Amino acid sequence: MADASRGEFDFEHVPETDQSFENALRNARDGDRLTVADGIELITTGTESEGIDPERKEAVLEAADRRREEVVGDRVTFVANLNNNVTTACNTGCLFCNFKDSSHKFRADSTAEHAGFTKTPAESREVVRAAAKRGIYEVTSVSGLHPAFALDDEHHEILAGHANAARTVNYRPPDEYDTDPGTYLEQMRAMSTDGIHLHSMTPEEAYHARRGTDWSYEEVYRRLKNAGLSSAPGTAAEILVDEVRDVICPGKIDTQGWLDAMEAAATVGLDMTATIMYGHVENEAHRILHLEKVRDLQDRTGAITEFVPLSFIHPNTPLHDRGIVESGATDDEDELLIAVSRLFLDNIENIQSSWVKYGDQQGLKMLSCGANDFMGTILSEEITKRAGGEFGEYRSFAEYVEMITAIGRTPAERSTDYRRIRDIDPESESFGPRLGPQSDGTPLFDAGTTPATADD
Ligand SMILES: C[S@@+](CC[C@H](N)C(=O)[O-])C[C@H]1O[C@@H](n2cnc3c(N)ncnc32)[C@H](O)[C@@H]1O
Ligand SMILES: Nc1c(NC[C@H](O)[C@H](O)[C@H](O)CO)[nH]c(=O)[nH]c1=O
Ligand SMILES: N[C@@H](Cc1ccc(O)cc1)C(=O)O
Ligand code: SF4
């Protein structure tokens, strides 16, 4: 079993209910709002017996696939986007993460070797401009919590005024590092160029942008929005149950902090996504409690455009190196997670299948288990690659059209917020983005080239 070590934790929440699988399935088929007990019965295919029952699993997947059809129809969407991570420097120490490099290695006086990077605002702008010219219309930017990162000059001053700032507020001035990431506001201004949609600032990053101050999340997201931010990625969610966070990311904000940040982003008028990062130490009860938190948040805000399940990639992570976790979720667990997300989250229209985490074949399978979105072109990928993922760093429009038509569905490009959707005719001669200000349908790269070698 993938979850060989899940039993070792003395968790308060365990997958036990007084509901039956049959009743839960009936509720799901009837379209009733599911309870936590219903969700646990469905995702375990019944708590009264060990393991996953193949027939019951198929029944859950079928109900989810039908619901997907009713809610969003037959289209499979994707976005023309680019990932631009500003820095990998981070001291937060999450045990599932190998994206980060200890920030002391980035100090000007350090001789330690590392494969990480920090981009100045000018460098970020160049990366985004080059992509925009090629027709990309979204940039996703998530980064490590670099100790020299501050919201703006005022934040630098406040942080520098703290006694023992490195220890108390995780701050060191930029001149101690080989590269200055600039301020968050400078990075926002740099990346919001050429009409591109800027999707950035997770709740954890928003926390970093207000550490050591009495500013509210609302104040921080308002200033970020004024500097060009368009929507916020709901990563850093991991599992929204504190007894799990205490194990896998003790340095992160807690569940309530994550919810507060997201609610503030919505209050200032930003759209957002929500995620779950699953398949490590948590059990099925935690997964469903997480879905309940997300559903409640959406009831309050209505601002969540999509739900993005992130299956834990284990090989190079501290959780795996330390023998805490042997592997990630199994295919059965992945399929049930997608299906139950579709059935449980009755107020979120779009469920994403991540080819980065699942690969193409399993990623496509997810599109008949309840998912309807197939992510984006991304052009580069660091988080999963560094964790040991092997499914590549980009997809062209041509590859998307081929894969989606092969499973008998309609390919469509979408804007980040799904407000604009364009069906793509698979009979066209060539495939490229058309929804951005500089998108004229030209393919992102020629067959046989990669984003790095493609000529613009
Ligand atoms: C790497 S962080 C970058 C942004 C910021 N530092 C934060 O934590 O919000 C973004 C997200 O990547 C996901 N992630 C990191 N390592 C992963 C892994 N090994 N497998 C799957 N997802 C992972 C986590 O959900 C995390 O919140
Ligand atoms: N699931 C993953 C994503 N999803 C985010 C999308 O790429 C896109 O930014 C979002 O849907 C908003 O339009 N991105 C990754 O880099 N890796 C993933 O695994
Ligand atoms: N960057 C995240 C994925 C992600 C980004 C933005 C989102 O809105 C959702 C998910 C990862 O690879 O794990
Ligand atoms: S998940 Fe984010 S906060 Fe945690 S270690 Fe990785 S980069 Fe840092």
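Residues numbered from 1 in each chain as written. Chains lettered and ligands numbered in written order. Predicted model: local features only at pLDDT ≥ 70, side-chain atom pairs only at ≥ 80, totals over all residues. Heavy atoms only, no water.

An unreviewed UniProt entry annotates the protein as FO synthase subunit 2 originating from Halococcus hamelinensis 100A6. Under the UniProt heading Cofactor (unreviewed entry), the entry covering the protein gives this text: "[4Fe-4S] cluster". (UniProt positions renumbered as here; feature names shortened; annotations may be inferred.)

### Quick look at the sheet that holds strand β1 (residues 75-79)
What the four strands build is an open sheet, ordered β9-β1-β10-β11; its pairing is mixed. Edge strands, defined here as strands with exactly one partner in the open sheet, are β9 (373-376) and β11 (421-423). Sheet twist, expressed as the mean angle between neighbouring strand axes with direction ignored, is 25 degrees. (Pairing = 2+ DSSP bridges. Helix = DSSP H or I, 4+ residues; strand = E, 2+ residues; numbered from the N terminus. Axes fitted to C-alpha atoms, helices over the stretch in contact; angles between N-to-C directions.)

### Some points on the packing of helix α9 (residues 217-226) against helix α11 (residues 255-267)
For the pair α9 and α11, interaxial distance at closest approach is 8 Å and the crossing angle is 45 degrees. Here α9 is positioned oblique relative to α11, judged by the angle of their axes. When you trace α9 past α11, the crossing you get is right-handed. From α9, Tyr217, Glu218 and Tyr221 reach across to α11, where they touch Gly257, Asp260, Ala261, Ala264, Ala265 and Thr267. Of the residues assigned to the contact of α9 with α11, the class counts are five nonpolar, two polar and two charged. (Parallel < 35°, antiparallel > 145°, perpendicular 65-115°, else oblique. Left-handed = near helix turned anticlockwise from the far one by under 90°. Contact = heavy atoms within 4.5 Å. Nonpolar A, V, L, I, M, F, W, Y, C, P; charged D, E, K, R; others polar.)

### Considerations on the packing of helix α1 (residues 21-30) against helix α3 (residues 54-72)
Relative orientation of the contacting elements α1 and α3 amounts to 15 degrees, with a least axis distance of 10 Å. With respect to α3, the element α1 is oriented roughly parallel. As for how α1 packs across α3, the hand of that crossing is left-handed. Here α1 contributes Phe21, Glu22, Leu25, Ala28 and Arg29 to the contact with α3, which in turn contributes Arg56, Ala59, Val60, Ala63 and Arg67. Taken together, the residues that form the contact of α1 with α3 break down as six nonpolar, no polar and four charged.

### Observations concerning helix α2 (residues 36-44)
Of all nine residues in α2, eight are buried; the element is thus mostly enclosed. Turning to α2, its buried residues number three or more, namely Val36, Asp38, Gly39, Ile40, Glu41, Leu42, Ile43 and Thr44. Against α1, α3, α12 (284-301) and α14 (331-344) lie the buried residues of α2. Thr45 lies just past α2 and shows a positive phi near 50 degrees. (Buried < 20%, exposed > 50% of the residue type's maximum accessible area, 1.4 Å probe, protein only.)

### Quick notes on the nonpolar core
Core analysis: the largest hydrophobic core is formed by 124 residues, its most contacted members being Leu42, Tyr221, Leu224 and Trp258. Each residue touching Tyr221, except ones within four places of it in the same chain, is listed here: Met201, Thr202, Pro203, Ala206, Leu229, Ala232, Ala261, Ala264, Ala265, Val268 and Leu270. Grouped together as the second largest cluster of nonpolar side chains are five residues, Ala150, Ala165, Val169 and Tyr171 included. (Core = buried A, V, L, I, M, F, W, Y, C linked by side-chain atoms within 4.5 Å.)

### Description of the site of ligand 1
The environment of ligand 1 is made up of 20 residues, and the closest members are Phe96, Ser143, Thr202, Ala236 and Glu238. Within the backbone of Phe96, one N or O atom sits 2.9 Å away from a nitrogen atom of ligand 1. Lys252 is positioned with one of its side-chain polar atoms (N or O) 2.9 Å from an oxygen atom of ligand 1. Out of a free accessible area of 550 Å², ligand 1 has 96% covered by protein chains. Elements supplying a minimum of two residues to the shell around ligand 1: β7 (304-311) and α16 (383-387). Among the residues forming the shell around ligand 1, the class breakdown is 11 nonpolar, five polar and four charged. (Near = heavy atom within 4 Å. Polar contact = N/O pair within 3.5 Å; in protein donor to acceptor, adjacent residues only side chain to side chain. Areas by Shrake-Rupley, 256 points an atom, 1.4 Å probe, with all protein chains shown as cover.)

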